[in-house]
Amino acid sequence: MSRVAVVGAGIAGLAAAHALATGEHPTEVVLLERDDRVGGKLRTSPFAGHPAIDEGPDAFLARLPWGTGLARAVGLGEALAAPTEGLKAAVYWERLHGIPEGLFLGMPTDVMAMARSHLMTWPGKLRAATEPFRRRTSTEADSLGGYVRARFGDEVHLRLVDPLVGSIYAADTDHFSMQAVPQIAELANKERSILLAGRKMPKPASGTASAAAAGPVFYAPRGGFGQLVDAVAAAVRAAGGELRTNAGVNELTPDGRGWRVDGEAFDAVVLACPAPAAANLLRAVPTVPADAVDTLAAIPAADVVMVTMAVDKADWPEHLRPYSGYLVPKPQQRLVTAVSFGSQKWAHWADDRQVILRVSLGRDGLPVLHLSDEQLLAAAVNDVGHHLGLTVQPLHARVSRWAGAFPQYRPQHAQRIAAVLAALPGGLALAGAGYHGIGMPACIRSAQQAAAAATNWLRPV
């Protein structure tokens, strides 16, 4: 039986191990994790009397097949919950503004909806309304911010697109690859005008039959993402796979057609660790070009912090109860970039005593990890209080630090990664957030592709 090592037990490593261990070809899988736990950036723990509140991501896109597919494959299909229907999201610009209708990842597709919003000034609205009359904008520079500014002007970029897309990736979209947001890249390459293209897009109102048929936008396990981590790990073990924690890898060397991982023989290896860690292992492999290693080592990543707070429900204003949370555009930021009203967003977190807030701090270009936990909590309390006009007094608080949580896809990232993958010798594959997508479904897809590449190497056609 073939042996495959998977290095790194975040969701990408777990998904790769699951694909290999449960595939149609018998494979002995060994999953190696340097930490004392598996799951990586997915971590769930008790908080404020609740048994399971996520410290990292709390949702994934439901309509991408890889996240829902893995959850169902490990028996969690019935455990998936959707956010509370009917809530609004907001943007903070001197006060909270509901996000306008008719947006496509922050870009307007409905002139009248944009005109009704008080988030933008009239000069900004008029500049955006000229978009259909502008010549096609080249996408060769591969800068998301540059493209949006050219089409719609600075206000749409700063107050809509950058908060929405930037919050997903902890990114500064002026320095972020447009190809990394494929929905925008595909539309920009196909259509000259986004506003004119918006007329062709289906816009089912929430609550209509067509919206219901489309299903939820987001899902999360009711037991938190720790429930998914545990279920995938259990499925790997049940299929004969081995999970080793406190097992950091220091050396990767070729061994004929196979590989040695810290001296242990394997037929193939999937590196599902962060890109810089993969680069450190590959640097000693003589058949991997130095420029490919340097490319991986140079992929930057943003550090973030999640401050979870519980506040007394009696102090929570009625006018905030229709909201799921809000985003903070960069010109309005101090340290907080987004706030989720978690116990309003997720019905299974709700209780009669308190409101749970998840406060995101830090992004690309806004470092936060140098601050103490006390400073981070104070920043969260002060910023949220300033945004909402409240005196925030947490009943409970938790600070979760995430170093290197969000790889940053600089312009032309996809081309650089393609060159790296083409340079890898047979029997080596890469998986994870550093390459073809940062969200959980993208990481799972990357892992399944890496597992398929390893399987194909073991069984050449």
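Residues numbered from 1 in each chain as written. Predicted model: local features only at pLDDT ≥ 70, side-chain atom pairs only at ≥ 80, totals over all residues. Heavy atoms only, no water.

(A) A look at the nonpolar core. Counting residues in hydrophobic clusters, the biggest one holds 46 residues, and the most contacted among them are V6, I11, L20, L228, V270 and M440. Counting only elements with at least two residues in this core, the list comes to β1 (2-7), α1 (11-21), β2 (27-32), α2 (65-73), α10 (225-238), β16 (268-271) and α16 (440-458). Setting aside its immediate chain neighbours within four residues, I11 contacts G39, L42, L70, L228, M440, C443 and I444. Counting 31 residues, the second largest nonpolar core, distinct from the first, contains M114, V148, F152 and L160. (Core = buried A, V, L, I, M, F, W, Y, C linked by side-chain atoms within 4.5 Å. Buried < 20%, exposed > 50% of the residue type's maximum accessible area, 1.4 Å probe, protein only. Helix = DSSP H or I, 4+ residues; strand = E, 2+ residues; numbered from the N terminus. Contact = heavy atoms within 4.5 Å.)

(B) Quick look at a nonpolar patch on the surface. Judged by side-chain polarity, L61, L64, V217 and F218 come together as a nonpolar surface patch covering roughly 290 Å² of accessible area. With respect to the helices and strands, L61 occurs in strand β5 (residues 60-61). Here L61 falls in the partly exposed class, since its relative accessible area comes to 36%. (Patch = residues over 30% accessible without salt bridge, like charges linked within 9 Å, V, L, I, M, F, W, Y side chains within 5 Å. Areas by Shrake-Rupley, 256 points an atom, 1.4 Å probe, with all protein chains shown as cover. Salt bridge = Lys/Arg side-chain N within 4 Å of Asp/Glu carboxyl O.)

(C) The arrangement of unusual backbone geometry in detail. Positive phi values are uncommon outside glycine, yet E94 reaches one of about 70°. With respect to the element layout, E94 can be found in the loop between β7 (88-92) and β8 (96-98). Even without being glycine, A170 reaches a positive phi, approximately 50°. With respect to the secondary-structure elements, A170 resides in the loop between α6 (154-169) and α7 (182-190). Here A170 falls in the buried class, since its relative accessible area comes to 7%.

(D) Representation of the packing of aromatic side chains. Scanning the entire structure with this criterion turns up six aromatic pairs. Pairing Y326 with F341 gives two aromatic rings, centres 6.0 Å apart and planes at 65°, and the pair type is edge-to-face. Within this pair, whereas Y326 is found in strand β18 (residues 323-327), its partner F341 is found in strand β19 (residues 336-341), the two being separated by 15 residues in sequence. Of the two residues examined, Y326 and F341, each falls in the buried class. Through pairs of rings, three or more aromatic residues link up here, namely F60, Y219 and F225. Here K125 stacks its cationic end above the ring of W122, 4.2 Å away from the centre of that ring. (Phe/Tyr/Trp six-rings, centres within 6.5 Å; stacked < 30°, edge-to-face > 60°. Lys NZ or Arg CZ within 6 Å of the ring centre and 35° of its normal.)

(E) Local environment of the sheet that holds strand β13 (residues 252-255). Judged by pairing direction, the sheet is antiparallel, and its three strands sit side by side in the order β13-β14-β15 without closing on themselves. The open sheet is flanked by β13 and β15 (264-266), the only strands paired with a single partner. Averaged over all adjacent pairs, the angle separating strand axes in this sheet is 30°, with direction ignored. With three bridges connecting them, strand β14 (residues 258-261) and β15 associate as antiparallel partners. Residue pairing across strands places W259 opposite F266, the latter belonging to β15. (Pairing = 2+ DSSP bridges. Axes fitted to C-alpha atoms, helices over the stretch in contact; angles between N-to-C directions.)

(F) Quick peek at empty space enclosed by the protein. In this structure the tally under the stated criterion is two cavities of 30 Å³ or more. When its volume is computed, the largest cavity comes out at roughly 80 Å³. If you go around the largest cavity, the residues you meet are V311, D312, D315, W316, L357, L390, T391, V392 and Q393. Residue classes in the lining of the largest cavity are distributed as five nonpolar, two polar and two charged. In this structure, the second largest cavity spans a volume of roughly 40 Å³. (1 Å grid on protein atoms, 1.4 Å probe; cavity = no way out; pocket = protein on both sides within 12 Å on 5 of 7 lines; lining within 4 Å. Points joined across faces, edges and corners; volume = space filled by probe spheres on them. Nonpolar A, V, L, I, M, F, W, Y, C, P; charged D, E, K, R; others polar.)

(G) Examining the state of the cysteines more closely. The tally for this structure, following the rule as stated, stands at zero disulfides. The cysteine C273 is free of any disulfide, with C443 supplying the nearest cysteine sulfur at 13 Å. Judged by its relative accessible area of 6%, C443 is buried. (Disulfide = S-S within 2.5 Å.)

(H) Structural context of helix α11 (residues 275-282). Along α11, the residues that are buried comprise A275, A278, A279, L281 and L282. Down the axis, α11 shows its buried residues gathered within 165° of arc, on one side only. Summarising the contacts, the buried residues of α11 are in contact with β1, β13, β16, α12 (290-297) and β22 (428-430). (Arc of directions from axis to C-beta.)

(I) Broad picture of the sheet that holds strand β17 (residues 301-312). If you trace the seven strands from one edge of the open sheet to the other, you get β8-β7-β18-β19-β20-β17-β21, paired in mixed fashion. At either end of the open sheet lies a strand with only one pairing partner, and these are β8 and β21 (394-407). Each strand of the sheet is rotated relative to its neighbour by a mean of 20°, with strand direction disregarded. Pairing of β17 with strand β20 (residues 354-361), which is carried by eight bridges, proceeds in the antiparallel orientation. Looking at the pairing, V311 lines up with V355 of β20. Packing of helix α14 (residues 373-388) onto the sheet brings it into contact with β7, β8, β17, β18, β19, β20 and β21, and relative to β17 it is tilted by some 65°.

(J) Quick peek at the environment of S45. Along the chain, the position of S45 falls in strand β3 (residues 44-47). For S45, a relative accessible area of 16% translates into the label buried. Sequence separation of S45 and G224 is 179 residues, and the distance between their C-alpha atoms is 8.5 Å. In contact with S45, not counting residues within four places along its chain, are P51, A52, I53, E55 and R398. For S45, the side chain forms a polar contact with the side chain of E55, separated by 2.6 Å. (Polar contact = N/O pair within 3.5 Å; in protein donor to acceptor, adjacent residues only side chain to side chain.)

(K) Quick look at the side chain of E33. Along the chain, the position of E33 falls in the loop between β2 and β3. This buried residue, E33, is left without a salt bridge; R34 holds the nearest opposite charge, at 5.0 Å. Here A9 takes part through its backbone nitrogen, which lies 2.7 Å from a polar atom of the side chain of E33. At 2.8 Å, the side chain of E33 and the backbone nitrogen of D35 are in polar contact. Among all residues touching E33, those that are not within four sequence positions of it are G8, A9, G10, R244, T245, N246, A247 and G248. (Lys, Arg positive; Asp, Glu negative; His and termini not counted.)

On their own, these measurements won't tell you what the molecule is for.
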